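Letter by letter, the chains look like this.
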Amino acid sequence: MDSKQFREAAVSSIDDIVKYYDTIEERRVVSNVEPGYLRKLLPEEAPQNGEAWADIQKDLEAKILPGMTHWQSPNFLAWFPSSSSFPAMLGEMYSAAFTGAAFNWICSPAVTELETIVLDWMAKAFGLPDCYLSTGPTNGGGVIHGTASEAIATVLVAARDKYLREATAHITDEEEREDAIAIRRSKLVALGSAATHSATKKAAQIAGVRFRAVPVHAEDSYRMTGAELKRTILELRARGLEPFYLTATLGTTDTCAIDDMEGVASVLEELAPPGPGEVWVHVDAAYAGAALICPEFQYLTKPFDRFHSYNTNLHKWLLVNFDCSAVWVRDRQHLTDALSVSLAILKNQHTDSGLVTDYRDWQIPFGRRFRSLKVWFVVRSYGIEGLRKHVRKHMALAETFAGLVKERPDLFEIVTGPRFALTVFRLVGKEGATLEQRNDITKKMYDAVVEEGRIFLSSTVVSGGVFAIRHNPATPFVEEHHVRKHFEILAEAAEKALAAA
């Protein structure tokens, strides 16, 4: 494909993409193909000779789109959003054109410097404490990872190495120190609440440490409390184990609960005060952290200067295409101490001077993409006020939905919310129904709605064994008339399920 052919193909592709977005509401939200459908449609071997772009493009609609779930549809309500916007798409296009591994500053200075600048912009927009700025007082700063799971794995590894390094700093003999590290490592425990995303448990597996969950309860709105954290730490220490890391969550996956950040900070100041032996606290705000762009939620950041790291996924709710997880640390040296690599081929005067940032030392992968470009495009296109309007709109839609649910107490009961545009609800069941019976009828209703395919939601089971349905109207194109239609579909399905029970 030469430049003339590329121009023609690009114009045709953009027309195709615009048409897809303009008509997305007409498509069934979730794909209903059978596993293995695509192998039946594609040849067993790659083509020996090149094909015309027009022929390739035709196969998108005929073979690929039937297997796509349409995350940007106003009828996609499952999990959390993976939002998109045209400015972000343009950023991806330019990033692809400028492609390079960008593992250090000299690879492309603009790639590194724009990332530092836009993450300082976003830290200020979120109201994060100054310790997370690249120009702040604690040697902090931000970096873009792929996902929150990658961010958690990265900071957990840094926390592990920091804890072990400090615990064995008094041992001068290298071999003796290695033995001591191996023994201490076998006792390390990473913590998260029972509602924490599974990313923390997976990160602990990767890091070769244990994971324990701090219990959460319905009476505490499914959030981790300081009291439960304290009880868990003391129980672990009584068994000779050493908690070294904690994921505190701002917006849990199941219910968007906010852990008791002040309680967490107070307990850790008592049991593991700052210094050697402290517990690294990472705040996972993968979805709900986007709401911090609104000043009315920035009170939530008050305790963050007592923690070590924070992340939010700009690709969830802030119109930056996947993938783009922004991570901030209070002290970057903990990352570089754990993740730095030194090879002769990497040496250059700028790195050696110590005056530039090499982001390869802030992450587990070596190479990296120019993700900050799409952030820059989105922030400049919408402005901070435009992004606030976007988030507030979805919160208002969730309030509308919750209001409709409350108007039908004969059908529904709200379990939690609305919180950050998420409402969790279930069917009431017939009078005197047991938990098992209510779970069963709620699940039957949920399965019927998903099978029909007009809307797509996700379900969960919260503490206490309650099966519930999650409604999260936070995709870019959802409007109030869509939310009212969602409720009509759910109410109709609920009436049918109750009548058949």
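Structure shown above.
Analysis parameters
- Residues numbered from 1 in each chain as written.
- Predicted model: local features only at pLDDT ≥ 70, side-chain atom pairs only at ≥ 80, totals over all residues.
- Heavy atoms only, no water.
- Helix = DSSP H or I, 4+ residues; strand = E, 2+ residues; numbered from the N terminus.
- Rg over C-alpha atoms; globule rule 2.2 N^0.38 Å.
- Buried < 20%, exposed > 50% of the residue type's maximum accessible area, 1.4 Å probe, protein only.
- Contact = heavy atoms within 4.5 Å.
- Areas by Shrake-Rupley, 256 points an atom, 1.4 Å probe, with all protein chains shown as cover.
- Lys, Arg positive; Asp, Glu negative; His and termini not counted.
- Charge placed at Lys NZ, Arg CZ, Asp CG, Glu CD.
- Salt bridge = Lys/Arg side-chain N within 4 Å of Asp/Glu carboxyl O.
- Disulfide = S-S within 2.5 Å.
- Core = buried A, V, L, I, M, F, W, Y, C linked by side-chain atoms within 4.5 Å.

Some details on the overall build of the protein chain
Here comes step 1: If you tally the helices and strands in the protein chain, you get 15 helices and 11 strands.
Here comes step 2: Here the C-alpha atoms of the protein chain give a radius of gyration of 25 Å, agreeing with the 23 Å that 2.2 N^0.38 yields for 501 residues.
Here comes step 3: For the protein chain, the C-alpha atoms occupy an extent of roughly 75 × 70 × 50 Å along the three principal directions.
Here comes step 4: Counting all 501 residues of the protein chain, 51% fall into the buried class.
Here comes step 5: Here the contacts in the protein chain between residues at least 6 apart in sequence split such that 74% fall between residues at least 24 apart.
Here comes step 6: Of the roughly 23,300 Å² that the protein chain leaves accessible, carbon and sulfur atoms contribute 54%.
Here comes step 7: Averaging the positions of the 55 positive and the 65 negative side-chain charges in the protein chain gives two centres separated by 2 Å.

A few points about unusual backbone geometry
Here comes step 1: The omega torsion across Phe322 and Asp323 is 5°, close enough to zero to call that bond cis.
Here comes step 2: Mapped onto the elements of the fold, Asp323 is located in the loop between α10 (314-317) and β7 (325-329).
Here comes step 3: Looking along the chain, the bond that leaves Gly417 and enters Pro418 is cis, with omega of 5°.
Here comes step 4: In this structure, Ser221 is a non-glycine residue whose phi angle is positive, near 60°.
Here comes step 5: Given a relative accessible area of 34%, Ser221 falls into the partly exposed group.

Brief notes about the pattern of salt bridges
Here comes step 1: One pass over the structure, following the stated rule, counts 32 salt bridges.
Here comes step 2: Asp323 is paired through a salt bridge with Arg369; the nearest N and O atoms lie 2.8 Å apart. Pair noted here: Asp323 is in the loop between α10 and β7 and Arg369 is in the loop between α12 (349-353) and α13 (372-406), with a separation of 46 residues, a long-range link.
Here comes step 3: The exposure class of Asp323 is buried, given its relative accessible area of 16%.
Here comes step 4: Salt-bridge contacts for Arg438 lead to Glu413; the nearest nitrogen and oxygen are separated by 2.8 Å. Of the two residues, Arg438 is situated in helix α14 (residues 435-452) and Glu413 in strand β8 (residues 412-419); the sequence distance between them amounts to 25 residues.
Here comes step 5: Overall, Arg438 belongs to the buried group, its relative accessible area being 15%.
Here comes step 6: Put simply, Glu92, Asp323, Arg369, Arg371 and Lys374 are held in one network by salt bridges that share partners.

Concerning the state of the cysteines
Here comes step 1: All told, the structure shown has zero disulfides when counted by the stated rule.
Here comes step 2: With no disulfide of its own, Cys294 lies closest to Cys256 among cysteine sulfurs, the gap being 14 Å.
Here comes step 3: Since its relative accessible area comes to 0%, Cys294 is described here as buried.

Some remarks on the nonpolar core
Here comes step 1: Within the largest apolar cluster, 77 residues are counted, with the highest numbers of intra-cluster contacts made by Leu250, Phe304, Trp317, Trp328 and Phe420.
Here comes step 2: Here the element with the most residues in this core is α13; it accounts for nine residues.
Here comes step 3: Excluding anything up to four places from it in sequence, Trp317 contacts Ser83, Tyr287, Ala290, Ala291, His390, Val391, His394, Met395, Phe420, Ala421 and Ala474.
Here comes step 4: Listed in part, the 33 residues of the second largest apolar core include Leu77, Phe487, Ala493 and Ala497.

Purely geometric stuff here, so don't read any function into it on its own.
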